[in-house]
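# Analysis of the macromolecular model
Each chain, letter by letter, is given below.
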Amino acid sequence: MQQLVQAAVASQPDGLILSFTDENALGGAVQNAVDNGIPVITINSGGDVARDYGARLHIGQSEYEAGKQAAERMQELGVEKGVCVNHEQGNQGLDQRCDGFVEGFDGNAEQLATTYDPTNIRNAIIAYLNENSDVRGVLTLGALAADPMIRAMREQGATDMFTLGTFDLSPGILEALDAGELDFAIDQQQYMQGYLPVMFLDQFVKNGLLPAGDVATGPGFVTQENAAQVIELSSQGIR
């Protein structure tokens, strides 16, 4: 990704849009774009540090706040202790999601590190819950971990024993929400994260117009109550 951004900057575009997933890897490339007069808008990740490197705007959600709200929602559902499954430690956005989740539980939650491998994720979740019988809330950070978690819960007949939540949406996640096997999914409205920066950069280059502050596209929550509507919209590529 660092190489792709550097190549994009070298081509001297009218503007640059990127997900600022790693400050150490991408900070220099973003600063280089700014120093060369290229306006930068960041999306999805890195909103807390993007302006330090000259980005004009961030479009996305506060990952920390979204994680915190996930914990608060679980507590409203009666959960006293939870676990956040992180499939990519070192990714700033994912780490912040878990940090917010732990803070939202006032420390009564832990972070479980796994790999990208679905089998590893499934086995790690089962092993952790077997060793920590007081944990009743499980949060995953995307479909990569949510899908194996849902399958594991189905296999164990345990979907009703736990409060299950995840970030982001996928066909499998929406199906589980509609069936009541998953309690909620956090929707950061990625369609808007793709659409808005293009519109804003176009207006900035043509007319010098730009929002005065960052644009929050989430967190929003999809539950069994509104899953059917989101499934219909997802078939159109909007949700």
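A short tour of the structure in this document, coming up.

What counts, and where the lines are drawn
Residues numbered from 1 in each chain as written. Predicted model: local features only at pLDDT ≥ 70, side-chain atom pairs only at ≥ 80, totals over all residues. Heavy atoms only, no water. Helix = DSSP H or I, 4+ residues; strand = E, 2+ residues; numbered from the N terminus. Rg over C-alpha atoms; globule rule 2.2 N^0.38 Å. Buried < 20%, exposed > 50% of the residue type's maximum accessible area, 1.4 Å probe, protein only. Contact = heavy atoms within 4.5 Å. Areas by Shrake-Rupley, 256 points an atom, 1.4 Å probe, with all protein chains shown as cover. Lys, Arg positive; Asp, Glu negative; His and termini not counted. Charge placed at Lys NZ, Arg CZ, Asp CG, Glu CD. Pairing = 2+ DSSP bridges. Axes fitted to C-alpha atoms, helices over the stretch in contact; angles between N-to-C directions. Left-handed = near helix turned anticlockwise from the far one by under 90°. Nonpolar A, V, L, I, M, F, W, Y, C, P; charged D, E, K, R; others polar. Disulfide = S-S within 2.5 Å.

A few words on the overall build of the protein chain. What the protein chain contains, in helices and strands, is nine helices and 10 strands. Computed over the C-alpha atoms, the radius of gyration of the protein chain is 19 Å, within 12% of the 18 Å expected from 2.2 N^0.38 for a compact globule of 239 residues. Taking the principal axes of the C-alpha coordinates as reference, the protein chain spans close to 55 × 35 × 30 Å. Taking all 239 residues of the protein chain together, 46% fall into the buried category. If you take every contact in the protein chain between residues at least 6 apart in sequence, the share linking residues at least 24 apart comes to 66%. For the protein chain, the accessible surface area stands at approximately 11,100 Å², while carbon and sulfur atoms represent 45% of it. Taken together, the 12 basic and 33 acidic charged side chains of the protein chain have centroids lying 3 Å from each other.

In strand S3 (residues 57–60), alternate side chains face the same way, and those of Leu57 and Ile59 on one face and His58 and Gly60 on the other are all buried. Pairing of strand S2 (residues 40–43) with S3, which is carried by three bridges, proceeds in the parallel orientation. Bridge pairing in S3 places Thr42 opposite His58. Of the pairings in the sheet, the one linking S3 to strand S9 (residues 215–216) comprises two bridges and is parallel in character. Bridging from a neighbouring strand, Ile59 pairs with Val215 of S9.

Right, let's talk about the packing of helix H3 (residues 63–76) against helix H4 (residues 92–104) for a bit. Each packed pair of helices is defined by two parameters, the angle between the axes and the distance between the axes. At a minimum axis distance of 6 Å, the contact between H3 and H4 shows a crossing angle of 40 degrees. Handedness of the crossing formed by H3 with H4: right-handed. Residues Glu63, Tyr64, Gly67, Lys68, Ala70, Ala71, Met74 and Gln75 of H3 touch H4, and the partners they reach there are Gly93, Gln96, Arg97, Asp99, Gly100, Phe101, Glu103 and Gly104. In terms of residue class, the contact of H3 with H4 is built from five nonpolar, six polar and five charged.

All told, the structure shown has one disulfide when counted by the stated rule. Bridging Cys84 to Cys98, the disulfide has an S-S length of 2.0 Å. The chirality of the disulfide connecting Cys84 with Cys98 is left-handed, given an S-S dihedral of about -80 degrees. Here Cys84, found in strand S4 (residues 82–86), pairs with Cys98, found in helix H4; they are 14 residues apart in sequence, far enough to count as distant. Judged on exposure class, the residue Cys84 and its partner Cys98 are both buried.

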